[in-house]
Every structure is written in structure tokens, then in C-alpha cells.
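Observations on the three-dimensional arrangement
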Amino acid sequence: VIQMQQKYSRIGFKTAHNNIRYEGISKHIPEKSNNIVPICEVPFDKLLQYDAFHFSTQRPKFLKQWISQDKTVALGYLDGEELVGYGVIRCCREYFCCI
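Residues numbered from 1 in each chain as written. Predicted model: local features only at pLDDT ≥ 70, side-chain atom pairs only at ≥ 80, totals over all residues. Heavy atoms only, no water.

Before going further, it helps to spend a moment on the environment of R90. In this structure, R90 sits in strand β3 (residues 82-90). In the structure, R90 is positioned 24 residues away from W66 in sequence and 9.6 Å away in space, judged by C-alpha atoms. Those residues within four positions of R90 in sequence are excluded, and the remaining contacts are R21, W66, Q69, K71 and T72. (Helix = DSSP H or I, 4+ residues; strand = E, 2+ residues; numbered from the N terminus. Contact = heavy atoms within 4.5 Å.)

Structure below.
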């Protein structure tokens, strides 16, 4: 929570990494890309390897839960057979969701 960062610093915590959360309603539906696939179509070991490269540790329990939440869309971006990105879109607590 950004508003709590100063308090966390005072009690000894240090920022490990930043993240940004976006919300909104798209008015544009992009053209379908064969490179974008449901993450469940990507072998889990590839997702785990990709994620560990960016987070410096393997998080198998977290990832399994993260990509399979209710009312969630989890997608991977492939370059050939290689996973080069993934994202999870989930409902916000503040608005109605229609997934």
C-alpha cells in the first residue's frame, strides 16, 4: 500500500519492487493474436521459470492460485514456444465485474 510506505520504512522494511495497478473499461477490442493464449495452455514449468527469472525465486503455490482465481483472465504471450510475458486480469472490489 503506497500510503503506508513511510510507516514500513520507519519499522525497518525496504522496498523490494514496485508495482502499478490499473483499472478501467476498454472501449477497444484488439485484434486476436495467435501469440496470446490462455496461461493454462502454457506448461506450468515454463510459467514458473519465467516468473522466477523476474522475481528471483520460485513461487509455485502463489502462481497456481494467482492464475486460477474466480472471475480472472490469465494470458501468456508466446514467441514461438517461448513464454515472453504473462498477465492476470481480475475483478476490482470497487466495481461490478462481468467476466
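Having put the structure on the table, let's press on.
Looking now at the packing of aromatic side chains. Aromatic rings in a pair are described by how distant their centres are and how their planes are angled relative to each other. On inspection of all chains with the given rule, the structure shows three aromatic pairs. An angle of 70° between the planes, with centres 6.2 Å apart, marks the rings of Y8 and F13 as edge-to-face. According to the relative accessible area criterion, F13 is exposed, its value standing at 54%. Measuring from ring centre to ring centre gives 6.0 Å for Y50 and Y86, while their planes differ by 75°; the resulting arrangement is edge-to-face. With a gap of 36 residues between them, Y50 in helix α2 (residues 44-55) and Y86 in strand β3 connect regions that are remote in the sequence. Take Y86: its relative accessible area is 23%, and that puts it in the partly exposed class. Its end group placed over the ring of F55, R59 keeps NZ or CZ at 3.8 Å from the ring centre. (Phe/Tyr/Trp six-rings, centres within 6.5 Å; stacked < 30°, edge-to-face > 60°. Buried < 20%, exposed > 50% of the residue type's maximum accessible area, 1.4 Å probe, protein only. Lys NZ or Arg CZ within 6 Å of the ring centre and 35° of its normal.)

Quick look at the pattern of salt bridges now. A full pass over the atoms with the stated rule returns one salt bridge. Residue D51 pairs with R59 through a salt bridge whose shortest N-O separation is 2.8 Å. Judged by relative accessible area, which is 1%, D51 ranks as buried. (Salt bridge = Lys/Arg side-chain N within 4 Å of Asp/Glu carboxyl O.)

We now examine the side chain of D51. Here D51 is to be found in helix α2. Side chain to side chain, D51 and R59 meet in a polar contact 2.8 Å long. D51 has contacts with R59, L63 and Y86, leaving out every residue within four places of it along the chain. (Polar contact = N/O pair within 3.5 Å; in protein donor to acceptor, adjacent residues only side chain to side chain.)

Turning our attention to the sheet that holds strand β1 (residues 36-38). Sheet strands associate in pairs through backbone hydrogen bonding, adopting either a parallel or an antiparallel arrangement. The strand order across the open sheet built from three strands is β1-β2-β3, with neighbouring strands paired in antiparallel fashion. In this open sheet, the two strands that pair with only one neighbour each are β1 and β3. Sheet twist, expressed as the mean angle between neighbouring strand axes with direction ignored, is 30°. Taken together, the three bridges between β1 and strand β2 (residues 72-79) define a ladder with antiparallel strand orientation. Bridge pairing in β2 links P38 to L75. (Pairing = 2+ DSSP bridges. Axes fitted to C-alpha atoms, helices over the stretch in contact; angles between N-to-C directions.)

On a regular strand, one side chain projects to one face of the sheet and the next to the other, so that they alternate. As defined by bridge partners, β2 adjoins β3 across eight bridges and the pair is classed as antiparallel. Bridge pairing in β3 places D79 opposite E82. Connecting β2 to the antiparallel partner β3 that follows it, the hairpin turn spans two residues, and G80 within it adopts a positive phi of roughly 70°.

Shape is all these values report; function is a separate question.
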